[in-house]
Structure formats: structure tokens, C-alpha cells
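# Survey of secondary and tertiary structure
Chain by chain, the residues run as shown.
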Amino acid sequence: MSASRYTYLGPEGTFTEAALRSLPEAATRELVPMVSVPAALDAVRAGEAAAALVPIENSVEGGVTTTVDELAAGEPLMIYREVLLPIAFALLVRPGTSLSEVKTVTGHPVAQPQVRKWLAAQLPEAVWESAASNADGARLVQEGRYDGAFAGEFAAAPYGLEPLVTDIHDAQNAATRFVLVGRPARPAAPTGADKTSVVLWLAEDHPGALLELLQEYAGRGVNMMRIESRPTGEGIGRYCFSVDCEGHLTDRRVSEVLMGLKRVCREVRFLGSYPRADEVPPTVRREMTDAAFTEASDWLARCLDGRG
């Protein structure tokens, strides 16, 4: 395995690259762009890279389904940290292009909903076609295949383009969440502001099956931060559930949730416990603290000894 190599969703100039370069350790790693999320993750599975940074969630569009599906399938991987990157787009064009000359535009499919209103107001006649990534859209503009690309302003220079309009976003405070993924190992130590991620498969489809999963979290006071259903490929109506919750595997309330899920689910894939990028600690009710679990365990031991 190349411990000095990190892969990411390329090509050069993507928001993913910008997110990766925000990590302190990126300065001492070889950063290798890949053509897709599966390619970036497969390099880790094959031992060709120590980790991969990939997008997993957008505040406007929700989950990045390619990443969610890749983490649920194939050889298991683990999330070791997350990065939150504010997202604003620039309209990149070849030098000398005016706004009135922009008739065709491109960008990653996730970008389109984030600039749709701006496009309708400023370029109502422009035709949109999706690209593999925002940076790939910039490359296509460089090659003359489109008039403009929606990408990060930082992608202009590598492709010989200029930002015609900057700070484009339909939603204020838009952000994308990225995760650093590696091969399974011991989770990082708890910080007090952590997330735990899993993928869950129902044992059987029956009324209340999803409720049973939710009750494992609710009954122990663990806040679910994201739940997303994804088709398993086993037929219409067959789904697995990708879930993020507050807390760390070593927190008693979280470990109790995972044990409960293991009892009621056909399969549970542990995707890791890792620090929250926003560093916000959870609000934990007194009866759900580790101290409360220890007190209850001690009481039960006394009961078993006839001292209850």
C-alpha cells in the first residue's frame, strides 16, 4: 500500500481537490485525481492509495448516491474524517467571451440545482449538458465544446479560462460534505463531537420494520443526522439504509444502538466513528450518558448478587 498517496474525485480543479487540500496532511501526500468516485475508492481497496476523499452529501441535493452505494457494496471501507466545504460557483469561459455569447453550459449534475435560478434569470436560453465533474466541465470549455462551465473559481487558471461571473449560488450557505475513506482499522479516538455511520439491511420486509430500526436510536437518545434509503439491486421494493448518527462507537448509548441493530437486521456494515467537521458536541440527556449506563450495570450486578 502506498501510505503517502491519497486519491480524490478528479480531474484537477474539482471542489473535492479543494476539500482535500484543506486537510493538514495533504501537504505531505501525493494527491492523485481519479476519473470517478468508484475509481478513487477502488484504488484504496487495491492498496494503491492509503485513503480517498469523495463527496457524500450536499446541503441542496442531499446524498451523493454514487458514494453512498459504493460504501454499501464491495470490499468494506471505513470513514476516518469528514470535511465541510462552502460551495459557490463561478461561470468559467474562454478569455474574451461575453455573457451574451454563452449559449451552452456544463457542470456536474449536482451543480445544476444549485445554479438553476441564476441560469433562468441570467441565461434563460442557455442549454445545459452534464459533465463528469465541474473541473471536467472546465476542460470541455477549454476544448471549445461548451461556452461556459460552472465550477470553483480556482478551476479557471489550470484550464486557461477566466471567471466571467463569481459567487453564484441559489441557496445561501450551501455546502458539500466530503469523507476521507480508508481500509478498515481501529476507529479514531473519540473527541466528544463525533459521528458514527452504518449501512443497514432489513432482516425481512414487514409492517413496522423500519420503525424497529428507528426505535433502536430513539430508545437510547441517539440523534440520527441522516438516513437515506438505497435500492439493493435485489428487486423492486428492496432497500438498505445509510445512516449517520451523533456519537462515537465507544459511547455506551451508541454501542448499545449498534448491538440492537445487529440483532434485528440481516446485515450491519460499520462505516466508522470519526470527528464531526463542525466540532459540535451532542446534547445528551442525563439518563443516556455513559455514567448512567455504568450506574445501571452496577445496579444489575448487585441484583444478581442478591444485593439489589
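Residues numbered from 1 in each chain as written. Predicted model: local features only at pLDDT ≥ 70, side-chain atom pairs only at ≥ 80, totals over all residues. Heavy atoms only, no water.

### A word on the sheet that holds strand β6 (residues 89-93)
- One open sheet accounts for five strands, arranged β8-β7-β9-β6-β10; its pairing is mixed. Only two strands of the sheet have a single neighbouring strand rather than two, namely β8 (127-130) and β10 (162-168). Averaged over all pairs of adjacent strands, the angle between strand axes in this sheet comes to 25°, irrespective of strand direction.
- The pairing of β6 with strand β9 (residues 148-151) spans four bridges and is classified as antiparallel. Opposite L91, over in β9, you have F150 as the bridge partner. (Pairing = 2+ DSSP bridges. Helix = DSSP H or I, 4+ residues; strand = E, 2+ residues; numbered from the N terminus. Axes fitted to C-alpha atoms, helices over the stretch in contact; angles between N-to-C directions.)

### Comments concerning the sheet that holds strand β13 (residues 224-231)
- One open sheet holds the four strands; their spatial order is β13-β14-β12-β15, and the pairing between them is antiparallel. Every other strand in the sheet has two partners, leaving β13 and β15 (265-275) as the edge strands with one partner each. Going from strand to strand, the sheet's axes swing by 15° on average, the running direction of each strand aside.
- In this structure, β13 lies alongside strand β14 (residues 239-246), joined through seven bridges in antiparallel fashion. Bridge pairing in β14 places S229 opposite F241.
- Helix α7 (residues 252-264) rests against β12 (194-202), β14 and β15 of the sheet, and its axis sits at about 160° to β15. (Contact = heavy atoms within 4.5 Å.)

### Details of the domain arrangement of the protein
- The assigned domain composition of the protein is domain 1 (1-86 + 173-184), domain 2 (87-166) and domain 3 (186-307).
- Here the C-alpha centroids of domain 1 and domain 2 sit 24 Å apart.
- Opposite the 15 residues of domain 1 that make contact, domain 2 presents 16 residues.
- Together, G13, F15 and E61 form the three largest contributors to the area buried by domain 1 at its contact with domain 2, with a combined 41%.
- At the junction of domain 1 and domain 2, the tally comes to zero salt bridges.
- For the pair domain 1 and domain 2, the number of links is four residue pairs in polar contact (both at pLDDT 80 or more).
- Only α1 (15-21), β5 (78-86) and β11 (175-182) provide two or more residues apiece to the side of domain 1 that touches domain 2.
- In the side of domain 1 that touches domain 2, the residues fall into eight nonpolar, five polar and two charged. (Domains from an automatic or database assignment. Buried area = accessible area lost by both parts, 1.4 Å probe. Salt bridge = Lys/Arg side-chain N within 4 Å of Asp/Glu carboxyl O. Polar contact = N/O pair within 3.5 Å; in protein donor to acceptor, adjacent residues only side chain to side chain. Nonpolar A, V, L, I, M, F, W, Y, C, P; charged D, E, K, R; others polar.)

### Description of the UniProt feature "domain: ACT" (unreviewed entry) in the protein
- Within this numbering scheme, the UniProt entry marks residues 198-275 as carrying the feature "domain: ACT" (unreviewed entry).
- End C-alpha to end C-alpha, residues 198-275 measures 15 Å, and it is 29% helix and 41% strand. (UniProt positions renumbered as here; feature names shortened; annotations may be inferred.)

### Observations regarding unusual backbone geometry
- Cis geometry marks the peptide bond from G10 to P11, where omega comes out at 5°.
- Mapped onto the elements of the fold, P11 is located in the loop between β1 (5-9) and α1.
- Look at N173: it is not a glycine, yet its phi comes out positive at around 60°.
- Positionally, N173 belongs in the loop between β10 and β11.
- Positive phi is not limited to glycine here, since E279 has a value of about 60°.

### Details of the packing of helix α2 (residues 37-45) against helix α3 (residues 65-72)
- Across the interface, α2 lies against α3 with an axial gap of 9 Å and an inter-helix angle of 30°. As the angle between them shows, α2 and α3 are arranged roughly parallel. Helix-helix and strand crossings are classified by hand; for α2 and α3 the assignment is right-handed. Here V37, P38, L41, D42 and R45 of α2 come into contact with α3, specifically with T66, T67, E70 and L71.
- Partitioning the contact of α2 with α3 into residue classes produces four nonpolar, two polar and three charged. (Parallel < 35°, antiparallel > 145°, perpendicular 65-115°, else oblique. Left-handed = near helix turned anticlockwise from the far one by under 90°.)

### A closer look at the layout of surface pockets
- Here the largest pocket defines a volume of roughly 410 Å³.
- Around the largest pocket, the lining comprises 26 residues; the ones closest to its centre are L9, P55, V64, H108 and V110.
- For the lining of the largest pocket, the elements supplying multiple residues, two or more each, are α1, α2, β3 (51-58), α3 and β11.
- When the residues that make up the lining of the largest pocket are grouped by side-chain class, the tally is 13 nonpolar, twelve polar and one charged.
- When residues of the lining of the largest pocket are sorted by domain, at least three fall in each of domain 1 (1-86 + 173-184) and domain 2 (87-166). (1 Å grid on protein atoms, 1.4 Å probe; cavity = no way out; pocket = protein on both sides within 12 Å on 5 of 7 lines; lining within 4 Å. Points joined across faces, edges and corners; volume = space filled by probe spheres on them.)

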